[in-house]
Protein chains: 2
Amino acid sequence: MKPTPVYQRIADDLRQAVADGTYPPGSKLPTENVLTERYETSRATVRQGLGVLVNEGLVEPRRPQGYFVIEHKRLVYRPQAEFRRRPPAVDIFTNLVAEYDGRAPSQDIEVSIVEPTQMVRDRLGLEAGELVAARRRVRKLDGTAYNLNDSHVRLSLVQGTDWMTPADVARGTNAVLAELGHEIVYALHEFYLRMPSPQEAQRLNLGAGVPIAEHYATGFDADETPIQVTVSIVPGDRHVIVFDSYRDRENSDQPRIPWGAP
Amino acid sequence: MKPTPVYQRIADDLRQAVADGTYPPGSKLPTENVLTERYETSRATVRQGLGVLVNEGLVEPRRPQGYFVIEHKRLVYRPQAEFRRRPPAVDIFTNLVAEYDGRAPSQDIEVSIVEPTQMVRDRLGLEAGELVAARRRVRKLDGTAYNLNDSHVRLSLVQGTDWMTPADVARGTNAVLAELGHEIVYALHEFYLRMPSPQEAQRLNLGAGVPIAEHYATGFDADETPIQVTVSIVPGDRHVIVFDSYRDRENSDQPRIPWGAP
DNA sequence: GCCAACGCATTGTCTAGTCAATCTAGATGA
DNA sequence: TCATCTAGATTGACTAGACAATGCGTTGGC
């Protein structure tokens, strides 16, 4: 039997203590120096142990106050919401339907013409070199970013239309697409889970150990032509991803994924 | 302007090199000693930098060979599949429909009677103390666990039925529930993203930096009574979560979430 | 009473090592 | 030839420090 490493024991002990309520959410853990004495080891080893918990997203260090147990509060992320007859209570977020705790939602919109990524190209069925219009939104709550949301459409489809207005479009951008003869009637959603890049972590103010979901929503019109691809970055600690399905409204076909999953 | 820490620079440089193809998936990074010399620093600092990339799930250490860039291959995780008329190609997995790359799927099933967690209790609308039947499945590909899948039903509903058979039920457990007068016609899916606990990481053989989704699928019968709650642990690096939605088949109501999100 | 300066506890970054554990590949021996 | 042993390279765990950066609370000046 191999003895478990000291740093592992420290992490395990503290994790257990957090789980059983010894350290409730928001409370302070013992300092590195205290743990160094308690476990009769060096500070580097204690830091290694605490690092495990930080990377699990369980605690966060606040310099120079100590380590604190993280408190979680999640919003509902509901990609199907835009297909609902009754719009959600707060319509500035098409995807977020939830208790905002009285925090003020807002969003920054930026429209540009870009070369699409391979993922977007595959989903829109574009030739290499073809350009797309990108509508980038940063959704905020009380001024801090809550998620990133980039919609892409063939440039030829929306050039000169309201879709490219870098501000709220009252009737919704989907209504604009419908007016252009491409109402979105079907959407395929894909979620890729991963850790954020440092840039993403910074933009979204993510603590260490917080995973994200990269959400690709591909919208098809009645002709089954892909019209719009929306790429969202959804921080895992701030959302629950929710959707539902009905048995009597099933679709008759095999899953159709025209592109290969990476 | 603050200078960026050395360990940060090491992580950034290597991340960039991985991104631009200098180190393609599967290839070997420079060793710690090489990096120590290259950056004229100490080995601990180099390790700190490499640790960043490991926690991002970008590289993995293989002792004593070095650090390697991780290769990703994902299966399609498709919770809606069980509502499809045509069963998926491989029916041993109700949720996984995908290219298995010739790997052999299998599952271990274990049935027991347990006290439900708070999450399950909330979703099934149980009183404190009420017991549930739990059907635990470990789904495997070529012998290694691919995801964990625990279904829960009121004990009084399924005691003595085929639902509690600790083996494959040919007609499916949902058919058993239907025979009992509780066909599941509606399902609500919730995904909570987080880092795995060490136990989960070990059971699923997860590398550092691999997030998971905790998937709660609550099945309702025609009376809108919650019948079954299935909790799945879905490793983020091995799956894409996929579902779709149709405009002309929308549901008429506001999102209904009878319990509070934690 | 109010505000600024300062002390100080705490985490962040880093050095320069030691010894252990593990797998590969080459050398050795039957 | 084939199996076995061994040496070496590499990461894992850890020690014992140093100095920097940060923000909170207290103290002192006005």
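Reading the values: rules and limits
Residues numbered from 1 in each chain as written. Chains lettered and ligands numbered in written order. Predicted model: local features only at pLDDT ≥ 70, side-chain atom pairs only at ≥ 80, totals over all residues. Heavy atoms only, no water. Axes fitted to C-alpha atoms, helices over the stretch in contact; angles between N-to-C directions. Helix = DSSP H or I, 4+ residues; strand = E, 2+ residues; numbered from the N terminus. Parallel < 35°, antiparallel > 145°, perpendicular 65-115°, else oblique. Left-handed = near helix turned anticlockwise from the far one by under 90°. Contact = heavy atoms within 4.5 Å. Nonpolar A, V, L, I, M, F, W, Y, C, P; charged D, E, K, R; others polar. Salt bridge = Lys/Arg side-chain N within 4 Å of Asp/Glu carboxyl O. Buried < 20%, exposed > 50% of the residue type's maximum accessible area, 1.4 Å probe, protein only. Near = heavy atom within 4 Å. Polar contact = N/O pair within 3.5 Å; in protein donor to acceptor, adjacent residues only side chain to side chain.

An unreviewed UniProt entry lists chain A under the name GntR family transcriptional regulator, from Streptomyces lasiicapitis.

Novice: Can you break down the packing of helix α1 (residues 6-19) of chain A against helix α3 (residues 43-55) of chain A residue by residue, with the values?
Specialist: Residues and elements named next belong to chain A. One way to put it is that α1 packs onto α3 with a least axis distance of 8 Å and a crossing angle of 45°. The angle between α1 and α3 places the two elements in the oblique class. α3 is crossed by α1, and the crossing has right-handed handedness. Here α1 contributes Val 6, Tyr 7, Ile 10, Ala 11, Leu 14 and Arg 15 to the contact with α3, which in turn contributes Thr 45, Val 46, Gln 48, Gly 49, Leu 50, Val 52 and Leu 53. Of the residues contributing to the contact of α1 with α3, the split by class is nine nonpolar, three polar and one charged.

Novice: Which residues make up the pattern of salt bridges, and what values go with them?
Specialist: A side chain of one charge can pair with a side chain of the opposite charge when the charged atoms of the two come close. Residues and elements named next belong to chain B. According to the stated counting rule, one finds 26 salt bridges over all chains in the structure shown. Across the salt bridge formed by Arg 123 and Glu 190, the nearest N and O atoms sit 2.9 Å from each other. Of the two residues, Arg 123 sits in helix α4 (residues 118-124) while Glu 190 sits in strand β7 (residues 186-194), which places them 67 residues apart along the sequence. Between Glu 200 and Arg 194 there is a salt bridge, with its nearest N and O atoms 2.9 Å apart. Overall, Arg 194 belongs to the partly exposed group, its relative accessible area being 23%.

Novice: Outline the protein's contact with DNA strand D, supporting the account with residue identities and numerical values.
Specialist: The immediate surroundings of DNA strand D are formed by 22 residues, with A:Val6, A:Thr41, A:Ser42, A:Pro64 and B:Arg43 found nearest. Of all DNA strand D atoms lying within 4 Å of any protein atom, the proportion belonging to sugar or phosphate reaches 66%. Residue A:Val6 places a main-chain N or O atom 2.7 Å away from a phosphate oxygen belonging to DNA strand D. Contacts to DNA strand D include A:Thr41, whose side-chain N or O atom sits 2.3 Å from a phosphate oxygen.

Novice: I'd love a proper account of the side chain of B:His215, names of residues and values included.
Specialist: All names here are of chain B. Here His 215 shows up in strand β8 (residues 212-220). For His 215, a relative accessible area of 2% gives the class buried. Within the structure, the side chain of His 215 is placed 2.6 Å from the side chain of Tyr 77, a separation counted as a polar contact. One polar contact links His 215 to His 189, side chain to side chain, over a distance of 2.9 Å.

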